[in-house]
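Tertiary structure, described
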Amino acid sequence: MGKAKETCQPMSETGKATETSGTGEAGEANVNYILHRSSNDILVFEVSDLQTDTWRLASQPSINVLIKNQLNEFLRPSSKEISGGGADFSDVLGGVQFNLHKYKNTKFSPGLSVAFIIKANQKTYCMCCTEDMKISFKQQDCPQIIRGDTSDIIFYQKTFSRGTTNSFYFESALRPGYALACHEEDGKKKLVLKKSSDEPDRADETRKLDLVKN
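Residues numbered from 1 in each chain as written. Predicted model: local features only at pLDDT ≥ 70, side-chain atom pairs only at ≥ 80, totals over all residues. Heavy atoms only, no water.

1. Comments concerning the overall build of the chain
- Each helix and strand counted, the chain has zero helices and 17 strands in total.
- Here the chain holds 214 residues, and the buried ones make up 42% of them.
- In the chain, of all internal contacts separated by at least 6 residues, the share reaching a separation of at least 24 is 52%.
- Element-wise, carbon and sulfur atoms account for 46% of the exposed surface of the chain, whose accessible area totals about 12,300 Å². (Helix = DSSP H or I, 4+ residues; strand = E, 2+ residues; numbered from the N terminus. Buried < 20%, exposed > 50% of the residue type's maximum accessible area, 1.4 Å probe, protein only. Contact = heavy atoms within 4.5 Å. Areas by Shrake-Rupley, 256 points an atom, 1.4 Å probe, with all protein chains shown as cover.)

Here you go:
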């Protein structure tokens, strides 16, 4: 890990300690500093115990993919009004192109941190997990930085099973233990959040998503 870039805030006239922060390159930790004046009137940096959890957009370009379920059906927005809507699977050839953006995290994560983006009508939409455990889209650009230890647009990409190269499952960063899955409801196969199996040896095919580079 490289050295963090230090930034300094002016000392207040009272000489009290001032907290500031340094930010390294993408993927490196943010370090909080305490700036104070020593007994011999020298400004001194001390590293604070506090550290901000952060996701940073990786420098690698996004990957354009089509997403398929275990039945080889393609993922797409549920309606033409993308914002606020969900996603379902269709056997219509072609599907919708997703931009898969990678993020680097300052703390340990259980898999590769990614965000799903689609573009339509000159607008950008992020796929997200809502508070009521639904999958939806919201209109916004892909953020460069996401602060905190949870995010509604970040999913942890993990290999679905040994020996597979294009099949994955995606666990929600907002709802740990829940992963994207295909669920049939009202005659449609919808993309939902489903609790991950407690027995990993018994792979749940509904959670398998294939990424087809486009």
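2. A closer look at the layout of surface pockets
- Approximately 240 Å³ is the volume found for the largest pocket.
- For the largest pocket, the lining is made up of 15 residues, of which Gly-86, Lys-134, Ile-135, Lys-190 and Leu-191 are closest to its centre.
- Elements represented by at least two residues in the lining of the largest pocket include exactly β7 (87-90), β11 (135-139) and β16 (188-195).
- For the lining of the largest pocket, the element with the most residues is β16, which contributes four residues.
- A class-by-class count of the residues in the lining of the largest pocket yields four nonpolar, six polar and five charged. (1 Å grid on protein atoms, 1.4 Å probe; cavity = no way out; pocket = protein on both sides within 12 Å on 5 of 7 lines; lining within 4 Å. Points joined across faces, edges and corners; volume = space filled by probe spheres on them. Nonpolar A, V, L, I, M, F, W, Y, C, P; charged D, E, K, R; others polar.)

3. Regarding the packing of aromatic side chains
- Counted according to the given criterion, the structure contains four aromatic pairs.
- Judged by centre distance (6.3 Å) and plane angle (55°), the ring pair of Phe-168 and Phe-170 falls under tilted. Accessibility assignment for this pair places Phe-168 and Phe-170 in one class, buried.
- Through a chain of ring-to-ring contacts, three or more aromatic side chains come together here, namely Phe-98, Phe-116, Phe-155, Phe-168 and Phe-170.
- A cation sits over an aromatic face here: Arg-207 above Tyr-169, 4.7 Å from the ring centre. (Phe/Tyr/Trp six-rings, centres within 6.5 Å; stacked < 30°, edge-to-face > 60°. Lys NZ or Arg CZ within 6 Å of the ring centre and 35° of its normal.)

4. A word on the environment of Thr-206
- Tracing the sequence through the fold places Thr-206 in the loop between β16 and β17 (209-213).
- Spatially, the C-alpha atom of Thr-206 lies 8.6 Å from that of Leu-180, the residues being 26 residues apart in sequence.
- Aside from chain neighbours lying at most four places away, what touches Thr-206 is Gln-70, Leu-180, Ala-181, Cys-182 and Lys-194.
- Among the polar contacts made by the side chain of Thr-206, one reaches the side chain of Lys-194 at a distance of 3.0 Å.
- At a separation of 2.7 Å, a polar atom in the side chain of Thr-206 contacts the side chain of Asp-204. (Polar contact = N/O pair within 3.5 Å; in protein donor to acceptor, adjacent residues only side chain to side chain.)

5. Looking at the pattern of salt bridges
- Overall, the coordinates contain eight salt bridges when judged by the stated rule.
- Here Glu-73 makes a salt bridge to Lys-189, at a shortest N to O gap of 3.6 Å. One end of the pair, Glu-73, is in the loop between β5 (63-68) and β6 (74-77); the other, Lys-189, is in strand β16, with 116 residues separating them in the sequence.
- Between Lys-138 and Asp-152 there is a salt bridge; the shortest N-O distance is 2.7 Å. Taken together, the residues span a long stretch of sequence, with Lys-138 in strand β11 and Asp-152 in the loop between β12 (145-147) and β13 (155-159) at a distance of 14 residues. (Salt bridge = Lys/Arg side-chain N within 4 Å of Asp/Glu carboxyl O.)

6. Quick look at the state of the cysteines
- Evaluated as defined, the whole model comprises zero disulfides.
- With no disulfide of its own, Cys-126 lies 5.5 Å from the sulfur of Cys-142, the closest cysteine sulfur.
- Classification of Cys-126 as buried rests on a relative accessible area of 0%. (Disulfide = S-S within 2.5 Å.)

7. Looking at unusual backbone geometry
- Positioned with a positive phi, Asn-121 is a non-glycine residue whose angle comes to about 55°.
- Looking at where Asn-121 falls in the secondary structure, it is placed in the loop between β9 (112-120) and β10 (123-129).
- A relative accessible area of 67% places Asn-121 in the exposed class.
- At Met-133, a position not held by glycine, the phi torsion is positive, near 70°.
- Looking at where Met-133 falls in the secondary structure, it is placed in the loop between β10 and β11.

8. A short note on the pairing of β9
- For strand β8 (residues 98-105) and β9, the ladder comprises five bridges, and the chain directions are antiparallel. The residue bridging His-101 from the neighbouring strand is Ala-115, located in β9.
- Counting the residues in the hairpin turn of β8 and β9 gives six residues.
- One ladder, built from three bridges, connects β9 with β13; its direction is antiparallel. (Pairing = 2+ DSSP bridges.)

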